[in-house]
Amino acid sequence: MLRVILGGGLFFLVLLWKQRAVVRAMFASWTNFKGMLLFGCALYANQLFYAQTVQLTNAGTATVLQMLGSVFVMLYVCLRERHLPRKREFAGLLLALVATLLIATQGDIQTLSMPPEGLFWGILTGASTGVYILVPKYCGLFDRYGSVPVVGVGMFLGIGLAVPLYFLQGQTLTLAWATLSGFGLVEWGIFVVGLVIVGTIGGYAFYLYGVSVVGSVKGSLLGAIEPVSATVIAALWLKTAFTPWDMAGMILMCAMVVFLAED
């Protein structure tokens, strides 16, 4: 909740300072606002689901499962346009399913080697990724307002979902204060700079801006570096152990992105 409040709040304040007219236009149309609200909820859900997956598995596994978003995008487009997947799309779908199976079972299809909750939240992470990629495209938000204002307002609107969910879990402001009071200057610096500014504002803004510039095809290909970097950093910095099955799943998932992105 704090990540969304700080990230969305800071981003929104910058937009009010730099692009007040654009922000005003977004809120002036009810149709546009509904699209922005759905986009904002998807952005927050993606952060929540991803964090849950990391907690139950590890950063590399969570990032690989997040790439299932490409599959959900492909399936949605096929349903919307009422056609079956092409051969390349079907091959990408099979690669994604095999990759997920290898990571989840570690090569033994009779045994689930990761917590079932981890697989569940990982699939939801992929689904929410597909939603936040699709909504701006089909609502025309990027075309009308640009990617950066849309991402900033979307993050800000995500606060409206984050706060109620926090209290629905039985959490209280007293508990939040007790947790935050344990933060020292270093912890606050890591949280604000690393998680809020770089990981949240920078991560979503840069990626979606890149997609708006080079298109979803090249953007998806460039995005395939994410599970590689997450796995390498987790192994070197956090000393997370990855099995050959994990690595095979990661390679297949990256290949899936290539199959779905190529014309």
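Here the structure is a predicted model, which is why all the values come from computation and not from measurement. (Residues numbered from 1 in each chain as written. Predicted model: local features only at pLDDT ≥ 70, side-chain atom pairs only at ≥ 80, totals over all residues. Heavy atoms only, no water.)

**Overview of the overall build of the protein chain**
Quick note on the threshold: Numbering of helices and strands runs from the N terminus; a helix is a DSSP stretch of H or I covering at least four residues, while a strand is a stretch of E covering at least two. Restricting the calculation to C-alpha atoms gives the radius of gyration, and the globule rule supplies 2.2 Å times the number of residues raised to the power 0.38. Only protein chains enter the accessibility calculation, which uses a 1.4 Å probe; a residue is then buried when its area is under 20% of its type maximum, exposed when over 50%, and partly exposed in between. Residue contacts follow a heavy-atom distance rule, with two residues in contact if any of their heavy atoms lie within 4.5 Å. Computed by Shrake-Rupley with a 1.4 Å probe, the accessible areas treat only the displayed protein chains as cover when residues are assessed.
Each helix and strand in the protein chain was counted, giving 14 helices and zero strands. For the protein chain, the succession of helices and strands along the chain, N to C, is α-α-α-α-α-α-α-α-α-α-α-α-α-α. Its C-alpha atoms give the protein chain a radius of gyration of 19 Å, within 12% of the compact-globule value 18 Å for 263 residues. Counting all 263 residues of the protein chain, 40% fall into the buried class. Of all intrachain contacts in the protein chain linking residues separated by at least 6 positions in sequence, the fraction that spans at least 24 positions is 80%. On the protein chain, roughly 14,200 Å² of surface is accessible, and the fraction owed to carbon and sulfur atoms is 71%.

**Structural notes on the packing of helix α2 (residues 20-28) against helix α3 (residues 30-56)**
The line we're drawing: Axes here mean lines fitted to C-alpha atoms, for a helix over just the part in contact, with angles spanning 0 to 180 degrees between N-to-C directions. Reported orientations rely on four angle classes, namely roughly parallel under 35 degrees, roughly antiparallel over 145, roughly perpendicular from 65 to 115, and oblique for the rest. Amino acids are sorted into nonpolar (Ala, Val, Leu, Ile, Met, Phe, Trp, Tyr, Cys and Pro), charged (Asp, Glu, Lys and Arg) and polar (every other residue, Gly among them).
Relative orientation of the contacting elements α2 and α3 amounts to 100°, with a least axis distance of 5 Å. The angle between α2 and α3 places the two elements in the roughly perpendicular class. Across the interface between the two elements, Met26, Phe27 and Ala28 of α2 pack against Trp30, Asn32, Phe33 and Met36 of α3. Class assignment for the residues of the contact of α2 with α3 results in six nonpolar, one polar and no charged.

**Considerations on the environment of isoleucine 201**
Among the secondary structure elements, isoleucine 201 is positioned in helix α12 (residues 185-223). Distance from isoleucine 201 to valine 4, taken between C-alpha atoms, is 9.6 Å for residues 197 residues apart in sequence.

**Here's the deal with helix α5 (residues 69-81)**
Quick note on the threshold: To estimate how far a helix should reach, multiply one less than its number of residues by 1.5 Å.
With 13 residues, α5 should reach 18 Å at 1.5 Å per residue; the first-to-last C-alpha distance of 18 Å fits that figure. By the burial criterion, the buried members of α5 are Gly69, Val71, Val73, Met74 and Cys78. Following α5 by one or two positions, arginine 82 has its phi on the positive side, about 55°.

**What to know about unusual backbone geometry**
In this model, arginine 82 sits at a positive phi of 55°, which is unusual for a non-glycine residue. For arginine 82, the position within the fold is in the loop between α5 and α6 (87-105).

**Digging into the nonpolar core**
The condition that has to hold: Definition of nonpolar core: a set of buried residues of the types Ala, Val, Leu, Ile, Met, Phe, Trp, Tyr and Cys, connected through side-chain atoms within 4.5 Å.
Residues Met36, Phe39, Val150 and Val153 are the most contacted members of the largest nonpolar core, which totals 23 residues. Of all the secondary structure elements, the ones that give two or more residues to this core are α1 (2-18), α2, α3, α7 (116-139), α8 (141-145), α9 (147-157) and α12. Ranked by the residues each element gives to this core, the list is headed by α9, at five residues. Leaving out residues up to four positions away in the same chain, phenylalanine 39 has contacts with Tyr132, Val135, Pro136, Val150, Val151, Gly154 and Leu208.

**Quick look at the packing of α2 against α9**
Put simply, the rule is: When the near helix sits turned anticlockwise from the far one by under a right angle, the crossing is termed left-handed; a clockwise turn instead gives a right-handed crossing.
Across the interface, α2 lies against α9 with an axial gap of 11 Å and an inter-helix angle of 60°. Classified by the interaxial angle, the pair formed by α2 and α9 is oblique. Crossing hand, α2 versus α9: right-handed. Across the interface between the two elements, Val22, Val23, Met26 and Phe27 of α2 pack against Pro149, Val150, Val153 and Leu157 of α9. When the residues that make up the contact of α2 with α9 are grouped by side-chain class, the tally is eight nonpolar, no polar and no charged.

**Comments concerning the environment of glutamine 52**
As for its placement among the helices and strands, glutamine 52 is situated in helix α3. Between the alpha carbons of glutamine 52 and threonine 125 there is a distance of 9.1 Å; along the sequence they are 73 residues apart.

**Points about the confidence of the model for the protein chain**
In regions of low pLDDT, the predicted coordinates are not meant to be interpreted in detail. Quick note on the threshold: Each residue carries a pLDDT score, the predictor's own confidence in it, on a scale running from 0 to 100.
The pLDDT averaged across the protein chain works out to 83; a share of 93% of its residues lies at or above 70. When pLDDT is averaged over each element of the protein chain, helix α10 (residues 159-168) comes out on top at 91 and helix α13 (residues 225-236) at the bottom at 75.

**Regarding the packing of aromatic side chains**
The condition is simple: By convention, a stacked pair of Phe, Tyr or Trp rings (six-membered ring in the case of Trp) has centres within 6.5 Å and planes under 30 degrees apart, an edge-to-face pair has planes over 60 apart, and any other such pair is tilted. Criterion for a charge above a ring: Lys NZ or Arg CZ within 6 Å of the ring centre, and within 35 degrees of the ring normal.
Counted by the stated rule, this structure contains 12 aromatic pairs. Between phenylalanine 120 and tryptophan 121 the ring centres are 5.5 Å apart and the planes differ by 75°, which places this aromatic pair in the edge-to-face class. Residue classification places tryptophan 121 among the partly exposed residues on the basis of a relative accessible area of 22%. An aromatic cluster of at least three residues, connected via ring pairs, comprises Phe12, Phe27, Trp30, Phe33 and Phe156. For lysine 18, the ring lying beneath its charged end belongs to tryptophan 17, and the centroid distance is 4.4 Å. Just above the ring of tyrosine 138 sits the side chain of lysine 137; from NZ or CZ to the centre is 5.8 Å.

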